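Remarks on the overall topology
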Amino acid sequence: MDNPVIISVGGGKGGVGKSTITANIGALLVRNHYSVGFIDADLGGANLHLCLGVRRPLTGLQDYITGKYKTLQEIIIPVTLQNSWLISGASDILELANPNFAQKQKIIRNLAKMEADFILVDLGAGSDNHVADFYAAFPCGIVVTDGLPTSIENAYGFLKNGILRGLVRLFPGDGEIRNSIRRFSDPQSGKAYATIGEMLEGLARKFPRAVKEMRMWLQQRRTFLVLNMVRDPDDVKVGERFAEMVKKYLSLNIYYIGYIVFSPDVRKSIKAMRPLVEYCGESRAAECFASVTHNLIALTKGRV
Ligand SMILES: Nc1ncnc2c1ncn2[C@@H]1O[C@H](COP(=O)(O)OP(=O)(O)O)[C@@H](O)[C@H]1O
Ligand SMILES: [Mg+2]
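Residues numbered from 1 in each chain as written. Chains lettered and ligands numbered in written order. Predicted model: local features only at pLDDT ≥ 70, side-chain atom pairs only at ≥ 80, totals over all residues. Heavy atoms only, no water.

1. Some points on the side chain of Arg-221
The residue Arg-221 is located in the loop between helix H9 (208-220) and strand E7 (222-230) in this model. We note that Arg-221 is buried and unpaired, the nearest opposite charge coming from Asp-133 at a distance of 10 Å. Sequence-distant contacts of Arg-221, that is, excluding residues within four places in its chain, are made with Tyr-135, Ala-136, Phe-138, Pro-139, Ile-163, Leu-252 and Asn-253. (Helix = DSSP H or I, 4+ residues; strand = E, 2+ residues; numbered from the N terminus. Buried < 20%, exposed > 50% of the residue type's maximum accessible area, 1.4 Å probe, protein only. Lys, Arg positive; Asp, Glu negative; His and termini not counted. Salt bridge = Lys/Arg side-chain N within 4 Å of Asp/Glu carboxyl O. Contact = heavy atoms within 4.5 Å.)

2. Observations regarding unusual backbone geometry
Look at His-33: it is not a glycine, yet its phi comes out positive at around 70°. Note that His-33 resides in the loop between helix H1 (18-31) and strand E2 (36-40).

3. Concerning the sheet that holds E7
Pairing is mixed in the open sheet, where eight strands are placed in the order E3-E4-E2-E5-E1-E6-E7-E8. At either margin of the open sheet sits one strand with a lone partner, and together these are strand E3 (77-78) and strand E8 (254-261). Relative to strand E4 (residues 84-87), E3 runs antiparallel, the two sharing two bridges. Among the inter-strand pairings, Pro-78 is bridged to a residue of E4, identified as Trp-85. (Pairing = 2+ DSSP bridges.)

4. Remarks on the pairing of E7
Counting buried positions along E7 gives seven out of nine residues, so the element sits mostly inside the fold. When strand E6 (residues 140-145) meets E7, the two strands line up parallel, connected through six bridges. The residue bridging Thr-145 from the neighbouring strand is Leu-227, located in E7. Inspection of the sheet shows E7 paired to E8 by six bridges, in the parallel sense. The residue bridging Leu-225 from the neighbouring strand is Tyr-256, located in E8.

5. Looking at helix H13 (residues 284-301)
Along its 18 residues, H13 runs 26 Å from first to last C-alpha, staying within 8% of the 26 Å computed at 1.5 Å per residue. Taken together, the buried positions of H13 are Ala-285, Ala-286, Cys-288, Phe-289, Val-292, Thr-293, Leu-296, Ile-297 and Thr-300. With a side-chain oxygen lying 3.2 Å from the backbone nitrogen of Ala-285, the N-terminal cap of H13 falls on Ser-283. Gly-302 sits one or two positions beyond H13 and adopts a positive phi of about 70°. (Expected span 1.5 Å × (residues − 1). Polar contact = N/O pair within 3.5 Å; in protein donor to acceptor, adjacent residues only side chain to side chain.)

6. Observations regarding the packing of aromatic side chains
Following the criterion strictly, the structure yields three aromatic pairs and no others. Ring centres of Tyr-135 and Phe-158 lie 5.2 Å apart, and the angle between their planes is 65°; this geometry places the pair in the edge-to-face category. Here Tyr-135, found in helix H5 (residues 129-137), pairs with Phe-158, found in helix H6 (residues 149-169); they are 23 residues apart in sequence, far enough to count as distant. Judged by relative accessible area, Tyr-135 falls into the buried class, the value being 0%. Over the ring of Tyr-135 we find Arg-221, and its NZ or CZ is 4.4 Å from the ring centre. Residue placement shows Arg-231 over the ring face of Phe-262; its charged tip is 3.8 Å from the ring centre. (Phe/Tyr/Trp six-rings, centres within 6.5 Å; stacked < 30°, edge-to-face > 60°. Lys NZ or Arg CZ within 6 Å of the ring centre and 35° of its normal.)

7. A look at helix H11 (residues 264-271)
Residues of H11 that are buried include every one of Asp-265, Val-266 and Ser-269, and no others. One side of H11 carries all its buried residues, which in axial view fall inside an arc of 105°. With respect to the buried face of H11, the exposed residues turned more than 90 degrees away are Pro-264, Arg-267 and Lys-271. For H11, the N-terminal capping position is held by Ser-263, with its side-chain oxygen 3.0 Å away from the main-chain nitrogen of Asp-265. Met-273 sits one or two residues past H11 and shows a positive phi near 55°. (Arc of directions from axis to C-beta.)

8. Focus: the pairing of E4
The alternating pattern of E4 places Ser-84 and Leu-86 and Trp-85 and Ile-87 on opposite faces, both of which are buried. As judged from the four bridges shared by E2 and E4, these two strands associate in the parallel manner. By the bridge assignment, Ile-39 is partnered in E4 with Ile-87. The hairpin formed by E3 and E4 contains five residues between the paired strands, and Asn-83 there has a positive phi angle of roughly 50°.

9. Regarding the pattern of salt bridges
Side-chain pairs of opposite charge can arise whenever the charged atoms involved come near each other. In this structure the tally under the stated criterion is nine salt bridges. Asp-133 is paired through a salt bridge with Lys-104; the nearest N and O atoms lie 2.9 Å apart. Highlighted residues: Asp-133 in helix H5 and Lys-104 in helix H4 (residues 101-111), separated in sequence by 29 residues. Accessibility classification places Asp-133 together with Lys-104 in one group, the buried group. A salt bridge links Lys-247 to Glu-244; the nearest nitrogen and oxygen atoms lie 3.9 Å apart. Of this pair, Lys-247 and Glu-244 both sit in helix H10 (residues 233-250), three residues apart, which is roughly one turn of that helix. With relative accessibility at 39%, the residue Lys-247 sits in the partly exposed group. In this structure, a network of salt bridges that share partners links the residues Lys-104, Asp-133, Arg-165 and Arg-169.

Here it is in structure tokens:
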């Protein structure tokens, strides 16, 4: 079996539909004969299990982080969806610990060894280091926004922090390069760059090899934009503009893979604790999920 295609799902803002999109894309990947692993990395607000029909997960990522279980295999929860498994983020542990960097690396390393064609990682809200490290760890990531200015700003911040964190992590022992990257867009340092491209040009004079490495890292990444809760045709264009902005300022390969219409059916399916595409396949929103998944498969597996 090939290594799994691991795709993070983030977007900075809570409530924009990350978990809903994770569950529905996963269900459609299964329908397209792929096996799927779901992992809920939203340790503070884990609820992906509910979208997949699991009321109360008995084990979760915290049990692995605290060492209660030694392998990811042991904390897997079966879900009703065929050919798939879930690692939940929910926990009974009162003091939720964010994993430290070494623990995160262990999760990331071992996730790549799990059996699945696709693994979807629900990142949860925010763009703090915890979220940014997971985004940066996997070369593919879905970014979700509902297109409102607040959410667009959060999605941009999420991508920016994610790539800056990823670039810094390329040079573990080199304080000078790390500090230069961290000063990106910091007007106080007097060295603010408007774009990642400008920053790389600026750094290339002093650190040509490092910049080559950074460019390669950026080139290998693919970010997929999904616009959610679309209510009218004008909203669709917001996605196009956002993708342009991300390309220009962050030098990211971003693909706008589609939009999901706002639909009360989505709420109903969440109440029924089932992905919409399983619960009400004729819904317009379900058609949108199918189109987004079709594009995702084409861009990651090169066939549909
Ligand atoms: N396309 C949509 N149409 C209508 N409601 C939606 C849609 N997508 C998500 N929702 C609703 O928004 C709420 C938040 O979704 P959720 O997936 O939990 O967001 P996140 O994981 O980003 O916090 C849910 O109650 C869900 O029913
Ligand atoms: Mg969520």
